[in-house]
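This is what each chain is made of:
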Amino acid sequence: MIILISPAKKLDFKSPLLTQKFTQPQYLSDAKVLIKYCQKLTPADLQSLMSISPKLAELNYERFQNWQNDPTLENARQAIQAFKGDVYEGLQVEDFSDSDFKFAQTHLRILSGLYGILRPLDLIQPYRLEMGIKLPNGKNSNLYQFWGDRLTHNLNDEEDPTVINLASNEYFKAIQPQKLNAKLIQPIFLDEKNGKYKIISFYAKKARGLMSRFIIKNQLQQVEDLKNFDLAGYHFDKSRSTESVWAFVRPER
């Protein structure tokens, strides 16, 4: 199965590397095209475009200006180690073995506004370019138009016919399900609060990382085995699930 997750705004380029193995992004040439558009923007432009503070706008302006065309371990690091957000807190890559990294490299994919789609060991440089940003680029007015159906075709080129969508709606919108030649499973995570089950964003994000970890650590090959997911108190709820939307619930404690 292929697992889809989103990137994170928070980055870590200082902690020690967990592995020296790396690969280059498949769409590096496209990232270079987007970088050229980003390098034309002023800090004020970035502040308005991304709805961020002046300090963050200045930081990302410097990131774009300092971007290097040839990623190495000196100026970049593996995507799975660079992203640090709620999903990645659940993923807990810090204790991954060589076998875990190898399995993740084959089965985990990170959707990215700048890089399109990343494998865990693909080198990335510090950046912030969310998929939903309306960045004018040539004939395109946003990143969804820039990537078109290429990311969908990329998934169709994978050997595994099942996609587990653990990405946010913003990023999954870059995929065109009607063109996807794969079985698509959408896990949802419901937490009980005051006797009712609902999606709580913070918990759901971490649960997406936990489920990714569960698949990788157990090296799951059969999608039905995903129903055994039981980390952090969640369990599969058949009554709330459909053929393509699988509900995992956590009772109030």
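The model shown is predicted, which means the values in this text are computed figures rather than measured ones.

Caption draft 1: Main features of the overall build of the chain. From N to C terminus, the chain includes 10 helices and 10 strands. Whereas a compact globule of 253 residues would reach a radius of gyration of roughly 18 Å, the chain reaches 18 Å, a difference of no more than 12%. Within the span of the chain, comprising 253 residues, buried residues form 49% of the whole. Nonlocal contacts in the chain, meaning residues at least 24 apart in sequence, comprise 68% of its contacts between residues at least 6 apart. Working note: accessible area of the chain is about 12300 Å², and carbon and sulfur atoms make up 48% of it. Taking the average place of the 34 positive charges on the side chains of the chain and the average place of its 29 negative ones, the gap between the two points comes to 4 Å.

Caption draft 2: Geometry of the packing of aromatic side chains. Summed over the entire model, instances satisfying the criterion amount to 15 aromatic pairs. Taking 5.5 Å as the distance between ring centres and 85 degrees as the angle between the ring planes, the aromatic pair formed by Phe-214 and Phe-229 counts as edge-to-face. With Phe-214 in helix 10 (residues 201-217) and Phe-229 in the loop between helix 10 and strand 9 (235-236), this residue pair connects regions lying 15 residues apart in the sequence. By the burial criterion, Phe-214 is buried, and Phe-229 matches it. Look at Phe-229 and Tyr-234: their rings are 6.4 Å apart centre to centre, the planes differ by 25 degrees, and that puts the pair in the stacked class. Look at Tyr-234 and you get buried, because its relative accessible area is 2%.

Caption draft 3: View of the nonpolar core. Residues Phe-83, Leu-114, Tyr-115 and Leu-129 are the most contacted members of the largest nonpolar core, which totals 76 residues. The leading source of residues in this core is helix 10, at 6 residues. Beyond its immediate sequence surroundings of up to four residues, Leu-114 is in contact with Ala-31, Leu-34, Ile-35, Trp-67, Tyr-127, Leu-129 and Trp-147.

Caption draft 4: Spatial organisation of the side chain of Thr-162. For Thr-162, the position within the fold is in strand 6 (residues 162-165). Using a relative accessible area of 11% as the deciding quantity, one classes Thr-162 as buried. The contact partners of Thr-162, leaving out residues within four places of it in the chain, are Met-1, Ile-2, Ala-182, Lys-183, Ile-185 and Val-223.

Caption draft 5: Expanded view of the pattern of salt bridges. As enumerated under the stated definition, the model contains 14 salt bridges in all. In this structure, the salt-bridge partner of Glu-224 is Lys-227, at a minimum N-O distance of 3.0 Å. A relative accessible area of 42% places Glu-224 in the partly exposed class. Since its relative accessible area comes to 28%, Lys-227 is described here as partly exposed. Bridged by salt links that share partners, the residues Asp-95, Asp-100, Arg-213 and Lys-217 form one connected network.

Caption draft 6: How the structure looks around the packing of helix 2 (residues 43-50) against helix 3 (residues 54-65). Contact geometry of helix 2 with helix 3 gives a least axis separation of 8 Å together with a crossing angle of 115 degrees. By the criterion of interaxial angle, the relationship of helix 2 to helix 3 is roughly perpendicular. The two elements helix 2 and helix 3 meet at a crossing, and its hand is right-handed. Along its contact with helix 2, which presents Pro-43, Leu-46, Gln-47 and Met-50, the element helix 3 presents Pro-54, Ala-57, Glu-58, Asn-60, Tyr-61 and Phe-64. Here the residues of the contact of helix 2 with helix 3 sort into 7 nonpolar, 2 polar and 1 charged.

Conventions and cut-offs
- Residues numbered from 1 in each chain as written.
- Predicted model: local features only at pLDDT ≥ 70, side-chain atom pairs only at ≥ 80, totals over all residues.
- Heavy atoms only, no water.
- Helix = DSSP H or I, 4+ residues; strand = E, 2+ residues; numbered from the N terminus.
- Rg over C-alpha atoms; globule rule 2.2 N^0.38 Å.
- Buried < 20%, exposed > 50% of the residue type's maximum accessible area, 1.4 Å probe, protein only.
- Contact = heavy atoms within 4.5 Å.
- Areas by Shrake-Rupley, 256 points an atom, 1.4 Å probe, with all protein chains shown as cover.
- Lys, Arg positive; Asp, Glu negative; His and termini not counted.
- Charge placed at Lys NZ, Arg CZ, Asp CG, Glu CD.
- Phe/Tyr/Trp six-rings, centres within 6.5 Å; stacked < 30°, edge-to-face > 60°.
- Core = buried A, V, L, I, M, F, W, Y, C linked by side-chain atoms within 4.5 Å.
- Salt bridge = Lys/Arg side-chain N within 4 Å of Asp/Glu carboxyl O.
- Axes fitted to C-alpha atoms, helices over the stretch in contact; angles between N-to-C directions.
- Parallel < 35°, antiparallel > 145°, perpendicular 65-115°, else oblique.
- Left-handed = near helix turned anticlockwise from the far one by under 90°.
- Nonpolar A, V, L, I, M, F, W, Y, C, P; charged D, E, K, R; others polar.

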